[in-house]
Amino acid sequence: MIPYTVNIKLAARTLTGTLNLQNKTAVDWGWQGLIAQGCHSSILIIDPKTSQTIQVLEKHKANVVKVKWSRENYYHNVSSPYCLRLASGDASGKIIVWDVVSGTAHCEIQEHSKPIQDLEWLWNQDASRDLLLAIHPPNYIVLWNGDTGTKLWKKSYAENILSFSFDPFDPSNMALLTSEGIVFITDFTHSKPPGSAGKKVYIASPHASPAHTKPVPAAAPAPTGAKKALNKVKVLIINEKPTAEAVTLNDCLQLSYLPSKRNHMLLLYPREILILDLELSQTVGVVAIERSGVPFIQVIPCAQRDALYCLHENGCITLRVCRSTTTLEEPNCTSVHELVYDLRSQCDAIRVTKTVRPYRMVVCPVNENNAALMVSDGRAMLWELKAHTAKAAANPSSGLSPLYSPVSFCGAPLGPNQKRIQDLSLNSMIGQTLIPGEAPPLSSNQQEVQLKFLLTGLLSGLPLPPFAIRMCPPLTTKNINHYQPLLAVGTSNGSVLVYNLTSGLLHKELSVHSCEVRGIEWVSLTSFLSFATSSPNNMGLVRNELQHVDLPTGRCFAFRGERGNDEPPIEMIKVSHLKQYLVVVFRDKPLELWDIRTGTLLREMAKNFPAVTALEWSPSHNLKSLKKKQMAAREAMARQTVSDAEQSSVESSVISLLQDAESKSETSQAISAREHFVFTDTDGQVYHITVEGNTVKDGARIPPDGSMGSIACIAWKGDTLVLGDVDGNLNFWDLKARLSRGIPTHRGWVKKIRFAPGKGNQKLLVMYTDGAEVWDTKEVQMVSSMRIGRNVNYRILDIDWCTSDKVVLASDDGCIRVLEMAMKSASYRMDEQDLTDPVWCPYLLVPRAALTLKAFLLLQPWSGTFTMDITQVDMKSVLLDPVLSLLQRCLLVSRLFGDESDLHFWTVASHYLQAFAQARQLSVLSAEGQTQSDATQPPPQNHLDICHDVLCESSYFQKFQLDRVHLQEVKRSSYEHTKKCADQLLLLGQTDRAVQLLLETSADNSSYYCDSLKACLVTTITSSGPSQSTIKLVATNMIANGKLAEGVQLLCLIDKAADACRYLQTYGEWNRAAWLAKVRLSPAESSDVLKRWAEHLCSPQVNHKSKAILVLLSLGCFYKVGEMLHGMRQFDRAALFIEACLKYGVMEAAFLEYARLLRSLGLREGAALWASRAGSAGEQLMEELFQGEGGIDAI
């Protein structure tokens, strides 16, 4: 008969602990909604909503130093599905691209053997989403194909590169932070390495200047405040280095572009954050910390609002939001004009010690209202930003301008009784920052809000090693109903952690001892004994602590009573198989034998008792035969009692019940079965001792085996006894056949040996100083082996079996691993996981299921029988809300899915669909009843956020640019800066101010004459024909001879900005042309320029159709967008978009034009059909059609 073993299914997993210093920067929060974090050579995948570790990836041999989720900025369908893809780089220079759901490595990349400095997936082109850019120290940038692992190109630079940052608005711009300064690259493409070495910028250190949070006193002239912020960043000639005192760039902790507004960059120093305007290469804002404040470690700039998440050295996360540049309350205010970031919220700090310090913070990229803090002890603290309606009275004292909640939800104005999620994302919590000259919107339902951080989740890791681990007694048919696979972990600080291995979560943490726990033995499924020894005194004596712990109640008492002070240390404790007896072995003192059930000492051995080197209880006992005897005796007694007394049947049944109960209680208490144990002394002699009740008998002695050294450990199961010695020999005894067989493993000291649980399972786990092995004792051969340096890079501290086929290993990298018997470190499949809380992550689904779910959420006819369970309750009620429009639903679902490209598309689409629909209604209502053209500008009450740059409305964009030039003007410090400001002002049409700046040029400047003439020219330009044609001719010649910027300026002076844009586009300055069109041209002209740009973006050499679609949306070319989406095979997006267009009536313009075309062709009936579909504007055409008909009849 095959031996039957019950096996509870436990997934292989890793319980992780404290982080290594090299893991400091290895954390990333992806669009997929999950956090990846490096822990030694493993990578944890954390679900922040439920605070669970849902995967641990193991394949790296060195510490992980960088992790990066792939971006989701592409259209998702069955062939390019939602998938969890992660790149990780380690300290040995290896990069692995993972398929996270299956836990397998998709490809492995190795270039050099130094730690990877930085990683980034390229997201801003449509050609491929597999491109991965990496910095290989000291100075190489390599572009890899992350799908195949092939190298596309490699480029080296003169200095050591520390990190890089891409310009979120222009994929060809990137900045490298090097050991000496910043290198700006303007010709980055994925097809070939950058041609130039980039423009080097050296930075003078800011820390010499005092902190300047307070504006200067009113008496001082305005520029002095700006002067303080000057000399911060200097652009020097490329080859010239500043003096040694000036360069302390090592201070610069971080460099990143601001995703909320174009051409701005942030530099982080320990005590200040500098905001630079890159057009001017000048500091335009400083966030400084007072002398007593806590320094910064890291800053994450937000995209949805101009706000900064800052992490400080005490683990406090602060949120700073940019204030409107001019305060409306004090129009006569002469305060310094600079970007001011007000502290709006902060979370609690952590207790920082030598071993506990904050490492990194990550912010959710989809919603930007959740932050996670990674602490060096393995904790992950999950903070959520909440908006609370504020009381107006609380505000004046703080001196901050109030923040308002936006009046729209998911891009559409809120309906009167519409449900909403205020804390959905940062831009649904606080409204836009005002631009000077703009009145705050006085809307009745706009509320003032205050922001607060709320701790919504906490993950804690294992404490520092060493560990002592012990698995609870195995699963049997008797305990199957209430069995929990619990692992007890004794730690160096005296506490015992109990983990449930089904979920991998901490079940209980018990503070049991005052010193390091040396060993644990379970005495039942819910209680254990643990022992700890203090450090020895000068006599070599210690304080021994042996505690009995009851898990359900947490009750814990000293098992040996008052004993334990000033005695030799306990070496080991061993509990007998029936959990009746306990042997306590000391180093230089005879062993003690205890009865566990009564807690009494049965025997303290005599002084001449041999020293014990190894000990093990025998699995054989006489409990079954004892029980049989006792039951037979009970039955005889019961029969006799019944025959004696002649009683009614009722009474006799009561008696028999009582007797049964009595006999049961006696069998459970009184039976003391006989058990044996064996031990070896220093000579290798094996002793056999029998314990029954309180009698202890000495049995046979077996002389030492000559081939074995000093015995270090013994294991006994069934008829097999195994001995291990300090020289690495294993001796297998078959007690039935009376055979012994010695095998030298050549692995050194055998530290521990343990048999696997389960009837007939003769597998043996052996621990050495350099690893572990699994042996099959039936065949006497090795099954699997692991050795430090060969297949793992950690040392094993303790071992045990957790089921009949899985082992659990504690290692010195602070992790505890549950592994298959083969002991190969392997990640587990996520779908095999047994999670305690359900996880919302569409990326875990198979591709078709994820897309089905998305379609279901978007298109379901939302009846009351909505059954699908979405974990966020508030989300469910909002999705069920019948008032939620199609556009809002599309936006909400793209947020739920973390779909970057969907989110960009629907944000822009919903804004402009509503804007053009509104404008159309206004034009219909107006007396003229004109038809809507592409040129209609939407009313300015609700703008697209400035983070969309040239996609914003022209009026809003112009205001923003004027404000920016005003700020640059205040900040300028050199002639170069003044010249740049004057040029910008001329392009913006601010001629008077430009003339003032031109006249500021000092007489000893070489450009003095030129600037004076230019000032005269600007002031005297008249719109007379000859002067215009002359200037146009000069401008054209300038452009032809390579002076593009100067020629464009002259054309702008004579209001020929449309020509200027055309020239800029001809010379490939597409972004500049779009900027100029937005700030100078009429809607119709700028529309032409931007349409040309969209065509250029669609061209095969650029291939950025997704950007072209956004540009066309901002122009109201909805028909063209629908066609393009269909042409790109994005059918679901196209269908939903056209449906939304029809709902908002903006397609009617196309119907009307078509009707006119048919009318001009003489197809009157066709024209009437399309005119009838074109709404109120079509009615007019219908009248014209039928009037004409009447006229014809009259003739």
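Every value quoted in this text rests on a predicted model; they were computed, and no experiment measured them. (Residues numbered from 1 in each chain as written. Predicted model: local features only at pLDDT ≥ 70, side-chain atom pairs only at ≥ 80, totals over all residues. Heavy atoms only, no water.)

*Asks:* Lay out the overall build of the protein in plain terms, naming residues and giving numbers.
*Replies:* Looking only at helices and strands, the protein has 24 helices and 60 strands in total. Per-residue burial for the protein yields a buried fraction of 53% across its 1195 residues. If you sum the accessible surface of the protein, you get close to 52800 Å²; carbon and sulfur atoms cover 54% of it. (Helix = DSSP H or I, 4+ residues; strand = E, 2+ residues; numbered from the N terminus. Buried < 20%, exposed > 50% of the residue type's maximum accessible area, 1.4 Å probe, protein only. Areas by Shrake-Rupley, 256 points an atom, 1.4 Å probe, with all protein chains shown as cover.)

*Asks:* Go over the pairing of strand β3 (residues 35-39) with me, naming the residues and quoting the values.
*Replies:* Most of β3 sits inside the fold, with 5 of its 5 residues counted as buried. Summarising the sheet, strand β2 (residues 27-29) and β3 pair through 3 bridges and their orientation is antiparallel. The residue bridging W29 from the neighbouring strand is I35, located in β3. Connecting β2 to the antiparallel partner β3 that follows it, the hairpin turn spans 5 residues, and G33 within it adopts a positive phi of roughly 90°. Direction of pairing for β3 relative to strand β4 (residues 42-47): antiparallel, over a ladder of 5 bridges. (Pairing = 2+ DSSP bridges.)

*Asks:* Account for helix α21 (residues 1131-1144), naming residues and giving values.
*Replies:* The end-to-end C-alpha separation of α21 is 20 Å, in line with the 20 Å expected for 14 residues at 1.5 Å each. Buried residues of α21: R1133, A1134, L1136, F1137, A1140 and C1141, and no others. The first or second residue beyond α21 is G1145, which carries a positive phi of 70°. (Expected span 1.5 Å × (residues − 1).)

*Asks:* Lay out helix α23 (residues 1164-1172) with the relevant residues and their values.
*Replies:* By the burial criterion, the buried members of α23 are A1167, A1168 and A1171. With its buried residues spanning 100° around the axis, α23 presents them on a single face. (Arc of directions from axis to C-beta.)

*Asks:* Provide a residue-level description of the packing of helix α19 (residues 1105-1115) against helix α20 (residues 1118-1127), including the pertinent values.
*Replies:* Running from N to C, α19 and α20 point in directions that differ by 160°, and their axes come no closer than 8 Å. As the angle between them shows, α19 and α20 are arranged roughly antiparallel. For the pair α19 and α20, the crossing hand works out as left-handed. Counting all contacts with α19, which are made through K1105, A1108, I1109, L1112 and L1113, the residues of α20 involved are F1118, K1120, V1121, M1124 and L1125. For the contact of α19 with α20, a count of residues per class yields 8 nonpolar, no polar and 2 charged. (Axes fitted to C-alpha atoms, helices over the stretch in contact; angles between N-to-C directions. Parallel < 35°, antiparallel > 145°, perpendicular 65-115°, else oblique. Left-handed = near helix turned anticlockwise from the far one by under 90°. Contact = heavy atoms within 4.5 Å. Nonpolar A, V, L, I, M, F, W, Y, C, P; charged D, E, K, R; others polar.)

*Asks:* With reference to specific residues and values, describe the environment of S514.
*Replies:* Along the chain, S514 turns up in the loop between β37 (505-511) and β38 (517-522). Between the alpha carbons of S514 and A532 there is a distance of 7.9 Å; along the sequence they are 18 residues apart. At 2.7 Å, the side chain of S514 and the side chain of R543 are in polar contact. Looking at S514, its side chain comes within polar contact range of the side chain of E545, at 2.5 Å. (Polar contact = N/O pair within 3.5 Å; in protein donor to acceptor, adjacent residues only side chain to side chain.)

*Asks:* Requested: an account of the sheet that holds strand β59 (residues 806-811), with residues and values cited.
*Replies:* Spatially, 4 strands are ordered β1-β60-β59-β58 in an open sheet, and the strand pairing comes out antiparallel. Where the open sheet ends on each side, the last strands, each with one partner, are β1 (13-15) and β58 (796-803). Strand-to-strand, the axes of this sheet are offset by a mean angle of 20°, without reference to chain direction. The pairing of β1 with strand β60 (residues 816-820) spans 3 bridges and is classified as antiparallel. By the bridge assignment, T14 is partnered in β60 with R817.

*Asks:* Could you give me a rundown of a nonpolar patch on the surface, with the residues and numbers involved?
*Replies:* Together, Y1154, L1157, L1161 and L1163 make up a nonpolar patch on the protein surface, roughly 400 Å² of accessible area in all. Mapped onto the elements of the fold, L1161 is located in the loop between α22 (1148-1160) and α23. The exposed category is assigned to L1161, whose relative accessible area is 59%. (Patch = residues over 30% accessible without salt bridge, like charges linked within 9 Å, V, L, I, M, F, W, Y side chains within 5 Å. Salt bridge = Lys/Arg side-chain N within 4 Å of Asp/Glu carboxyl O.)

*Asks:* I'd like a description of unusual backbone geometry, backed by residues and values.
*Replies:* Residues P137 and P138 are joined by a peptide bond in cis, for which omega reads 0°. Considering the arrangement of structural elements, one finds P138 in the loop between β11 (131-136) and β12 (140-145). With phi around 55°, D1055 is a residue other than glycine that occupies positive phi space. Residue position: D1055 is located in the loop between α15 (1044-1053) and α16 (1057-1066).

*Asks:* Any chance you could break down the sheet that holds strand β28 (residues 370-375) for me, citing the residues and the numbers?
*Replies:* Read from one edge of the open sheet, 5 strands run β27-β28-β29-β33-β30, paired in antiparallel fashion. The open sheet has two edge strands with one neighbour each: β27 (358-363) and β30 (403-404).

*Asks:* Kindly report on a positive patch on the surface, identifying the contributing residues and their values.
*Replies:* Taken together, the side chains of K478, K624, K627, K628 and K759 define a basic patch exposed on the protein surface. Positionally, K624 belongs in helix α4 (residues 623-644). Using a relative accessible area of 69% as the deciding quantity, one classes K624 as exposed. (Lys, Arg positive; Asp, Glu negative; His and termini not counted. Charge placed at Lys NZ, Arg CZ, Asp CG, Glu CD.)

*Asks:* I'd like a rundown of the nonpolar core, residues and numbers included.
*Replies:* Counting 136 residues, the largest nonpolar core has I45, L86, L1076, L1113 and F1137 as its most contacted members. Residue contributions to this core peak at 9 residues, all from helix α9 (residues 900-925). If you count residues domain by domain, this core takes at least three from each of domain 1 (296-325 + 336-390 + 402-409 + 422-432 + 447-461) and domain 4 (945-1116). Once residues lying within four places of it in the same chain are set aside, the contact partners of L1076 are L987, V1048, C1052, A1057, A1060, C1061, L1064 and L1081. Counting residues in each nonpolar core, the second largest holds 32 residues, with V498, Y499, V512 and A810 among its members. (Core = buried A, V, L, I, M, F, W, Y, C linked by side-chain atoms within 4.5 Å. Domains from an automatic or database assignment.)

*Asks:* Account for the packing of α15 against α16, naming residues and giving values.
*Replies:* Viewed as axis vectors pointing N to C, α15 and α16 meet at an angle of 160°, and their least axial separation amounts to 7 Å. As judged from the angle between their axes, α15 and α16 are roughly antiparallel. Note that α15 runs across α16; the crossing there is right-handed. The segment α15 lies against α16, with L1044, V1048, L1051 and C1052 engaging A1057, D1059, A1060, Y1063 and L1064.

*Asks:* Lay out the packing of aromatic side chains with the relevant residues and their values.
*Replies:* Under the definition given, this model contains 19 aromatic pairs. With a centroid separation of 6.3 Å and an interplanar angle of 35°, the aromatic rings of F677 and F679 are classed as tilted. Of the two residues, F677 and F679, both sit in the buried class. Among the aromatic side chains, those forming a connected cluster through ring pairs are Y581, F609, W617, F677, F679 and Y687. (Phe/Tyr/Trp six-rings, centres within 6.5 Å; stacked < 30°, edge-to-face > 60°.)

*Asks:* Could you give an account of the environment of N791, with specific residues and numbers?
*Replies:* The residue N791 is located in the loop between β57 (781-787) and β58 in this model. Taking the relative accessible area as the measure of exposure, N791 reaches 33% and is therefore partly exposed. Taking the C-alpha atoms as reference, N791 lies 8.5 Å from K61; in sequence the two are 730 residues apart. Those residues in contact with N791 that lie beyond four places of it in its chain are K61, S785 and M786.

*Asks:* Which residues make up the pattern of salt bridges, and what are the values?
*Replies:* Any two side chains of opposite charge can pair, on the condition that their charged atoms come close. What the rule picks out here adds up to 47 salt bridges. Here D800 makes a salt bridge to R754, at a shortest N to O gap of 3.8 Å. Note that D800 is positioned in strand β58 and R754 in strand β54 (residues 750-755), a separation of 46 residues in sequence. On the accessibility criterion, R754 (14% relative accessible area) is buried.

*Asks:* Explain the side chain of S784 to me, and be specific about the residues and the numbers.
*Replies:* Among the secondary structure elements, S784 is positioned in strand β57. Judged by relative accessible area, S784 falls into the buried class, the value being 7%. Among the polar contacts made by the side chain of S784, one reaches the main-chain carbonyl oxygen of M821 at a distance of 2.7 Å.

*Asks:* I'd like to hear about the confidence of the model for the protein, residue by residue, with values.
*Replies:* Residues at a pLDDT of 70 or more form 83% of the protein, whose mean pLDDT is 80. Note on residues 242-249: pLDDT is under 50 here. Beyond four places in sequence and across chains, it has 17 contacts. The low-confidence segment residues 326-335, where pLDDT is below 50, has 6 contacts with residues more than four positions distant or belonging to other chains. (pLDDT = per-residue confidence, 0-100.)

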